[in-house]
Amino acid sequence: MTVDQLLTAAIGAFFGASGWLLVGLYMQRRAADRQARNAARAVYFELAMNAIDIKVAADHMVFQPLRRQSFDRLLPELATWLAAEDLEVIVRAYMSQSGYEQAQRDEKLPVQVRTAVLQNVLVQHRTATDLLGRKAFSALERSRLSTSAKGVGSAGAAQSVASGARNA
């Protein structure tokens, strides 16, 4: 084997290994993005279900336990995928659940205060749902979702708060 052949083989091995490394990194990044997007979708639907329970509680004072298992389990994937300010919106929605629980437990709270607390919790959940809807679903997918905007998003939440304030 000559020096030219050895040099050619070394250069070929270097570029071959580099190519495989780049392809591997690309595929790993795509898999991580797909996993994070799937995590965001699961949390989206959990928030949407919670928003329904919160709306029923605000309208009829009938409380159901709110869900947070998906959020607790999938927070690491969301934290690596979302920007800090977006993650904060999601975390605020789950932090607001303590207000829901207080409104549920504390019978001494006046109805107006309970309603205001529940409306705030509902706005937090809908804001988080809107954000995750934009991030986790394509425009076509969002248009096909029964839980998406069509009056249910943040504009719907603002209308709901306004009507709750009028009714209180």
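Residues numbered from 1 in each chain as written. Predicted model: local features only at pLDDT ≥ 70, side-chain atom pairs only at ≥ 80, totals over all residues. Heavy atoms only, no water.

### Quick word on the pattern of salt bridges
Between side chains of opposite charge, a pair can form as their charged atoms come close.
No. 1: A full pass over the atoms with the stated rule returns seven salt bridges.
No. 2: With its nearest N and O atoms 3.2 Å apart, the salt bridge here joins aspartate 72 to arginine 68. (Salt bridge = Lys/Arg side-chain N within 4 Å of Asp/Glu carboxyl O.)

### Re the side chain of glutamate 46
No. 1: Mapped onto the elements of the fold, glutamate 46 is located in helix 1 (residues 3-60).
No. 2: Of the side chains with opposite charge, arginine 67 comes closest to the buried, unpaired glutamate 46, at an N-O distance of 6.7 Å.
No. 3: Polar contacts involving the side chain of glutamate 46 include one to the main-chain amide nitrogen of arginine 68, which spans 3.5 Å.
No. 4: Excluding residues that lie within four positions of it along the chain, glutamate 46 makes contacts with Arg67, Arg68, Gln69, Ser70, Phe71 and Tyr94. (Helix = DSSP H or I, 4+ residues; strand = E, 2+ residues; numbered from the N terminus. Buried < 20%, exposed > 50% of the residue type's maximum accessible area, 1.4 Å probe, protein only. Lys, Arg positive; Asp, Glu negative; His and termini not counted. Polar contact = N/O pair within 3.5 Å; in protein donor to acceptor, adjacent residues only side chain to side chain. Contact = heavy atoms within 4.5 Å.)

### Digging into the packing of helix 2 (residues 69-81) against helix 3 (residues 84-95)
No. 1: Where helix 2 contacts helix 3, the two axes come as close as 11 Å, and the packing angle between them is 165°. Taken as axis vectors, helix 2 and helix 3 run roughly antiparallel relative to one another. The element helix 2 and its partner helix 3 pack so that their crossing is left-handed. In this structure, helix 2 contributes Phe71, Leu75, Leu78 and Ala79 to the contact, and helix 3 contributes Leu87, Ile90, Val91 and Tyr94.
No. 2: A per-class count over the contact of helix 2 with helix 3 returns eight nonpolar, no polar and no charged. (Axes fitted to C-alpha atoms, helices over the stretch in contact; angles between N-to-C directions. Parallel < 35°, antiparallel > 145°, perpendicular 65-115°, else oblique. Left-handed = near helix turned anticlockwise from the far one by under 90°. Nonpolar A, V, L, I, M, F, W, Y, C, P; charged D, E, K, R; others polar.)

### Points about helix 3
In an α-helix, one full turn covers 3.6 residues, which means residues spaced three or four apart are oriented alike.
No. 1: In this model helix 3 runs 16 Å from its N-terminal to its C-terminal C-alpha over twelve residues, within 8% of the 16 Å that 1.5 Å per residue would give.
No. 2: Asp86, Leu87, Ile90, Ala93 and Tyr94 are the residues of helix 3 that are buried. Seen along its axis, helix 3 keeps its buried residues to an arc of 115°; they face one direction. Exposed and facing more than 90 degrees away from the buried side of helix 3 are Ala84, Glu85 and Met95.
No. 3: Those residues of helix 3 that are buried are in contact with helix 1, helix 2, helix 4 (97-105) and helix 5 (111-136). (Expected span 1.5 Å × (residues − 1). Arc of directions from axis to C-beta.)

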